[in-house]
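Fold and geometry: a report
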Amino acid sequence: MKYTLVSVPALGQSQNTLLNIKSKLASYAETHPFNIPEFKIGTLDALVLLSDELTKYDTAFEQAVNKIADVLSNLVRGQPDALVQDFLLVNDKTVDQYINTFQWNSMKYRTDKSLQETTAMLTQEVTSMDNLIKTKLNAYTQNKNALQTLQRKQTGNLSVKNLNGIVKKEHCVLNSEYLTTLFVAVPKTQYKQWNNSYETLVSMVVPRSSTKVAEDSEYGLFSITLFQRVVDEFTHKAREEKFIVREFKFDEDALKEQERELRETEETEREQQTELIRLARTNFGEMFSSWVHLKALRVFVESVLRFGLPIEFVAVTIAAEPKFEVKVDQTLVEQYGHLGGVHGLNKQRQETNTEELLDHELQSVNSAGYRPYVQFELEFDLERR
């Protein structure tokens, strides 16, 4: 959903100004008051600097909110009977409900603090939450990758599959000072080549020692006996023939250890996923709330810079109906173009009252993106998640 945050001078008639905006846009958009308290202002120079900083923080907050929403969506999507929208809540409200009923959290962000202090608090909170999610996500990703590796060894073909449980004690030459057993994955299409060549790939291979231990749809697993001193040479020669020598050392306890490792890794992955979902759900709400509060600061600062003192403006959130964004924009410019500015419709120009001049002014406004009132966008695409 895309929201337009707009602020215009109240001129002593806040309620009438709000009702006027709502009535003018009733056919094209849903409009709600965007309640912003008064803050300690400070100097004009400080406000100008803060305005630039807020622009940068706004972008950073938006990126952090979208990142955590994507993380949560990806995690929840794999859960049975789970809807992403049920997890992307702010103070137990949907995103739309929260924006439409926004109230400044004065208990958390006291209005007797300076604008700079409040901005710093918001930034510190979002940065801290963002870093925490990154750390938890990295740990979860590493464990998930380790789990996938273990599972792949359990389910892959004989060229990659873990051989514990497949190779038995009787397949191996054990405790020999000179001899050893190798296990080789041979493509099924190359059985004949293997049987004709394995004895001569290198010297010191025990004749007729090849035995097929196992077979799947792609490979056969063969054992051979040879002298330990030629293992490296045989492995190299076998690779040239597309025979895959498996790294394997028989251990009677290895299968139990493998099953234990897989079980523990699966359990850790489930625990980390549950914790990450809980954390991302909570922090999404906190981050989104911080982002809207930062937007409120931007509207306040820009309104003071644009309209001056005393502080008297009306701020609203506008959600245009599909395909009516341009009509909403035109209606606002027509209504508040008299506020002036580079593209504003000042009083002198209004007195000419020519339709051609109005069209020219609207084209200029649209081309430059400037508005004679305060306007910011807040866009969060819930549907793509």
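Counting from 1, residues in each chain are numbered in the order their sequence is written. Where local features are concerned, this predicted model is filtered to residues with pLDDT of at least 70; where side-chain atom pairs are given and counted, the filter is 80 or more; whole-chain, interface and lining totals use all residues. Think of the side-chain values as coming from all heavy atoms in the structure, minus any hydrogens and water.

The subject of this paragraph is the side chain of Thr 331. Counting from the N terminus, the helices are the DSSP runs of H or I reaching at least four residues and the strands are the DSSP runs of E reaching at least two. Structurally, Thr 331 is set in helix H8 (residues 325-336). Leave out the neighbours within four places in its chain, and Thr 331 touches Lys 24, Leu 25 and Tyr 28. Whether two residues are in contact is decided by their heavy atoms: any pair within 4.5 Å suffices.

The subject of this paragraph is unusual backbone geometry. In this chain, Leu 309 is followed by Pro 310 through a cis amide linkage whose omega measures -5°. By the element assignment, Pro 310 lies in the loop between helix H7 (254-307) and strand E7 (313-320). Of note, the phi angle at Asn 91 is positive, near 55°, even though the residue is not glycine. When you line up the elements, Asn 91 lands in the loop between helix H2 (44-77) and helix H3 (95-100). Backbone geometry at Arg 208 places phi at a positive 55°, although glycine is not the residue there. Inspection of the secondary structure assignment puts Arg 208 in the loop between helix H5 (191-197) and strand E4 (211-215).

So, about the sheet that holds E7. For two strands to be treated as a pair, DSSP must find at least two bridges joining them. Across the sheet, 4 strands lie side by side as E2-E7-E1-E8; this open sheet has antiparallel pairing. The sheet is open, and its two edges are formed by strand E2 (29-33) and strand E8 (374-379), each paired on a single side. Direction aside, neighbouring strands of the sheet carry axes that sit 25° apart on average. Two strands pair when backbone bridges link them, and strand E1 (residues 2-9) and E8 are joined in this way by 6 bridges, in the antiparallel orientation. Within E8, the position partnered with Tyr 3 by the bridge is Leu 378. Think of each axis as a best-fit line through the C-alpha atoms, taken over the contacting stretch in the case of a helix, with angles from 0 to 180 degrees between the N-to-C directions. Sheet strands touched by H7: E1, E7 and E8. Its angle to E8, the strand with the most contacts, is close to 165°.

For the rest of this paragraph, the subject is the sheet that holds E4. If you walk across this open sheet you meet the 4 strands as E4-E5-E3-E6, and the pairing is antiparallel. Both outer strands of the open sheet, E4 and strand E6 (244-246), are each paired with one neighbouring strand and no more. Ignoring which end each strand starts from, the neighbouring axes of this sheet average 35° apart. Judged from the 4 bridges that link them, E4 and strand E5 (residues 219-227) form a sheet pairing that is antiparallel. If you follow Lys 212 over to E5, its bridge partner there is Phe 222.

The next thing to look at is a nonpolar patch on the surface. Patches here are clusters of residues that have more than 30% relative accessible area and form no salt bridge, with a 9 Å joining cutoff for like charges and a 5 Å cutoff for nonpolar side chains (Val, Leu, Ile, Met, Phe, Trp, Tyr). The method behind every accessible area is Shrake-Rupley, applied with a 1.4 Å probe, and residues are considered shielded solely by the protein chains displayed. By salt bridge we mean one thing: a side-chain nitrogen of Lys or Arg within 4 Å of a carboxyl oxygen of Asp or Glu. Where nonpolar side chains cluster on the molecular surface, the patch consists of Tyr 178, Met 204 and Phe 227 and spans about 290 Å² of accessible area. Mapped onto the fold, Tyr 178 is located in the loop between helix H4 (115-155) and strand E3 (179-187).

UniProt positions are given in the numbering used here, feature names are shortened, and annotations may be inferred rather than shown by experiment. Within the UniProt annotation, "coiled-coil region" (unreviewed entry) is assigned to residues 248-276. The span residues 248-276 is 79% helical and 0% strand by assignment, and the distance between its end C-alpha atoms comes to 37 Å.

Burial classes follow relative accessibility: with a 1.4 Å probe on protein chains only, a residue under 20% of its type's maximum area counts as buried, one over 50% as exposed, and anything between as partly exposed. Most of E3 is tucked away: 7 of the 9 residues are buried. Here 9 bridges tie E3 to E5, and the two strands are oriented antiparallel to one another. Across the sheet, the residue bridging to Val 184 is Phe 222, located in E5.

Right, let's talk about the environment of Asn 138 for a bit. Residue placement: Asn 138 occurs in helix H4. For Asn 138, a relative accessible area of 46% gives the class partly exposed.

Another aspect to go through is a negative patch on the surface. Lys and Arg are tallied as positive, Asp and Glu as negative. Neither His nor the chain termini are counted. To locate a charge, take NZ of a lysine, CZ of an arginine, CG of an aspartate or CD of a glutamate. Together, Glu 62, Glu 377, Glu 379 and Asp 381 make up a negatively charged patch on the protein surface. With respect to the secondary-structure elements, Glu 62 resides in helix H2.

All right, on to the pattern of salt bridges then. What the rule picks out here adds up to 14 salt bridges. The shortest N-O distance in the salt bridge between Lys 108 and Glu 125 comes to 3.8 Å. Linking Lys 108 in the loop between H3 and H4 with Glu 125 in helix H4, this pair joins segments that are 17 residues apart in sequence. What makes Lys 108 partly exposed here is its relative accessible area of 32%. When the shortest N-O distance is used, the salt bridge between Arg 306 and Glu 302 registers 3.9 Å. A residue pair is termed a helical-turn pair when its members lie 3 or 4 positions apart in one helix, as Arg 306 and Glu 302 do in helix H7 at 4 residues. Residue classification places Glu 302 among the buried positions, given a relative accessible area of 19%. Bridged by salt links that share partners, the residues Asp 58, Lys 295 and Arg 298 form one connected network.

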